[in-house]
Amino acid sequence: MLTTTHAIAGAAIASVIPNPAISLPLAFGGHFVLDKIPHLPGDDTKKKLVKRVYLVVLIDVFVALAGTLFLARTTSNNLIVWGALAGSIMDIDAIFYHGKFVDIFKTPLPKPLSRLHGGVQNETDSIWGIVIQLAIIALSVYLVLNYA
Ligand SMILES: [Zn+2]
């Protein structure tokens, strides 16, 4: 699933549950639940990354970051930045775990976690793979704007 979807969903969880001891682990765990929903390949945890895919990943990470910062600024709630980070860190890990040109960096996350992340992917080429993600983003933005 796109990093943008995970980041905005994590921000929404942090908005609805203002206690970070609860919301941040939920945002982190929610990543694996969201990746179980059929989605267009977004973080490419299974296939070998090629330059074109890297471009999509870089744009996705940029949009996730920009969207998160926009929502944090709009709501003046910095906890949603941490929620977004907790919600999307497994995709950032995937870039390092599966990356070729970023081999000089090593992910600090335990490898079994990275393998679990690769194992829960439910990728589809169906249009629903993007429709579902857009719906999750829309619902998450709604929750952030009404609860943060
Ligand atoms: Zn993922």
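These notes cover the structure that comes with them. (Residues numbered from 1 in each chain as written. Predicted model: local features only at pLDDT ≥ 70, side-chain atom pairs only at ≥ 80, totals over all residues.)

1. Description of helix α2 (residues 20-36)
Then comes step 1: Along its 17 residues, α2 runs 24 Å from first to last C-alpha, staying within 8% of the 24 Å computed at 1.5 Å per residue.
Then comes step 2: At Gly30, α2 shows its strongest bend, of approximately 25°.
Then comes step 3: All of the buried residues in α2 are Ser23, Leu24, Ala27, Phe28, His31, Leu34 and Asp35. (Helix = DSSP H or I, 4+ residues; strand = E, 2+ residues; numbered from the N terminus. Expected span 1.5 Å × (residues − 1). Bend = angle between axes of the 7 residues up to and from the residue. Buried ≥ 20, exposed ≤ 12 C-beta atoms within 10 Å, placed from the backbone.)

2. Some words on the packing of helix α1 (residues 3-16) against helix α6 (residues 128-147)
Then comes step 1: Running from amino to carboxyl end, α1 crosses α6 at an angle of 30°, the nearest separation of the two axes being 8 Å. In terms of orientation, α1 lies roughly parallel with respect to α6. The interaxial crossing formed by α1 with α6 has left-handed handedness. When α1 is examined against α6, the residues Thr4, Thr5, Ile8, Ala9, Ala11, Ala12, Ser15 and Val16 are found in contact with a partner set consisting of Gln133, Ile136, Ile137, Ser140, Val141, Leu143, Val144 and Tyr147.
Then comes step 2: Residue composition of the contact of α1 with α6, grouped by class: 11 nonpolar, five polar and no charged. (Axes fitted to C-alpha atoms, helices over the stretch in contact; angles between N-to-C directions. Parallel < 35°, antiparallel > 145°, perpendicular 65-115°, else oblique. Left-handed = near helix turned anticlockwise from the far one by under 90°. Contact = placed C-beta atoms within 7 Å. Nonpolar A, V, L, I, M, F, W, Y, C, P; charged D, E, K, R; others polar.)

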